[in-house]
Every structure is written in C-alpha cells, then in structure tokens.
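# Observations on the model geometry
Now for the letters of each chain:
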Amino acid sequence: KQGRRAAHIRSIVAMLLALAAAALASASAETEGHVCIKSATNLAEHVDSWPKKPAPEAWVKVELGGRVLCKTDEVENNLSPVWDHCCSVGGMHQHTWYWFSVFDSDYAGPEADYLGSVGLPANSTAGTYELELKGGKKLPSSGVPKITIEIPIAPPPPPPRIVCHVAISRKLAVTRSPPMTP
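We now turn to the structure provided with this report.

Calculation rules
Residues numbered from 1 in each chain as written. Predicted model: local features only at pLDDT ≥ 70, side-chain atom pairs only at ≥ 80, totals over all residues. Heavy atoms only, no water. Core = buried A, V, L, I, M, F, W, Y, C linked by side-chain atoms within 4.5 Å. Buried < 20%, exposed > 50% of the residue type's maximum accessible area, 1.4 Å probe, protein only. Helix = DSSP H or I, 4+ residues; strand = E, 2+ residues; numbered from the N terminus. Contact = heavy atoms within 4.5 Å. Pairing = 2+ DSSP bridges.

Let us look at the nonpolar core. Counting 28 residues, the largest nonpolar core has V35, I37, V62, Y98, F100 and I147 as the members making the most contacts within it. Of all the elements in the fold, those that place two or more residues in this core are β1 (31–41), β2 (58–64), β3 (67–71), β4 (82–90), β5 (97–106), β6 (109–121) and β8 (146–151). The element that contributes the greatest number of residues to this core is β2, accounting for four residues. What I147 contacts, discounting residues up to four positions off in sequence, is I37, S39, A40, V60, F100, V102, V118, Y129, E130, L131 and L133.

Encoded structure:
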C-alpha cells in the first residue's frame, strides 16, 4: 500500500515538474520587446485621384518575417504624420527583417496608394532610426520621404518563479510566488 502511495506521489511530482517546465517555456516565448512607429516626414502630396486632398491619410503596416505584426491608425490629411504606435514582438528573430510600408487610405482601398517602404534588421539595437522610404508611386515635391522608428530599451521581465508544495497527507498545492526583486 505504501509503495502505491509513493508511486502516486512521484507521478504527481513529475506532472508538476512538467507543468513548471511548460510555464517557463511559455514565459520565455512571451513578448520580449516592442518596435514603435513614431512618425514620417516629407510624404508625397496629392496622391488621391478622388477625393482630391493636399496630403495623404497615411498609415503604416509593420511586418516581421513576412507576417503582419500590426497596423497604425490613419492620420488624416498630413504630409508629416505622427503615429506613436508600438507593436509587440514575441520570440527571437535574429535573421529576419522588419518591413515598414506606408500607404494612403482612400476610397479605392486601404492599400491603393503605396507611399514607400523600408526594412530594418530585427536584431537592431535599441535606439531611434530615421529611415528613407523607397519605392512609392509618387515622390514628394521637396525633400526625401522618411519614417522614424524606435526600438525601446526594455529588457524582458524575468520568468515567473513557480514553487511546488507536496505534502504526504494527499494535499497538493501549486502556488506562484511573487517575482524576486534585485
């Protein structure tokens, strides 16, 4: 009888250890950082055929490794829009690129007027980058179209500490301890 009880306790402990390993794995796969679309300057004017507006309703699509991370809201009628929009980035992406594509949204569709795009290596260090947009349908009358991107300094949070308590009296409790402070 005592042998079965010990085997049962060992199986519970093994299950708890597997649970703890899964929790740590999911914690390390959680969001590790952000990439922020700050603003653009010198976007092309008069890109709409209808309705005619002096500046685009600009928005940005952010892709990472061919997957859309996020899109900004549109900024109405502005040659130098400010978005201040951050996207969460999960996992490690050492050998891939962020792609920032700027569009003018109009009645022909949200991606009807392409204003340009630019890439940034995903393993870029934290900082602010002013990047030149390339490939747009129309060029601005003056200046070079640029987009400002920020990779903030924010280390990932430490993984949660999981403490397992097993008591011989058939009571089992799993508690999550508060994170340790340095």
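There is more to say, and it comes next.
Our next topic: unusual backbone geometry. Its identity as a non-glycine residue notwithstanding, N42 has a phi of 55 degrees, on the positive side. Not every positive phi belongs to a glycine, and N77 is a case in point at roughly 50 degrees. Here N77 shows up in the loop between β3 and β4. Take N77: its relative accessible area is 36%, and that puts it in the partly exposed class.

Turning our attention to the pairing of β2. In terms of residue burial, β2 counts as a mostly covered element, since six of its seven residues are buried. Inspection of the sheet shows β2 paired to β5 by seven bridges, in the antiparallel sense. From the neighbouring strand, V62 faces β5, where its bridge partner is F100. Pairing analysis gives four bridges linking β2 to β3, with the strands arranged antiparallel. Residue pairing across strands places L64 opposite R67, the latter belonging to β3. Where β2 hands over to β3, the hairpin turn is made up of two residues, of which G65 adopts a positive phi near 60 degrees.

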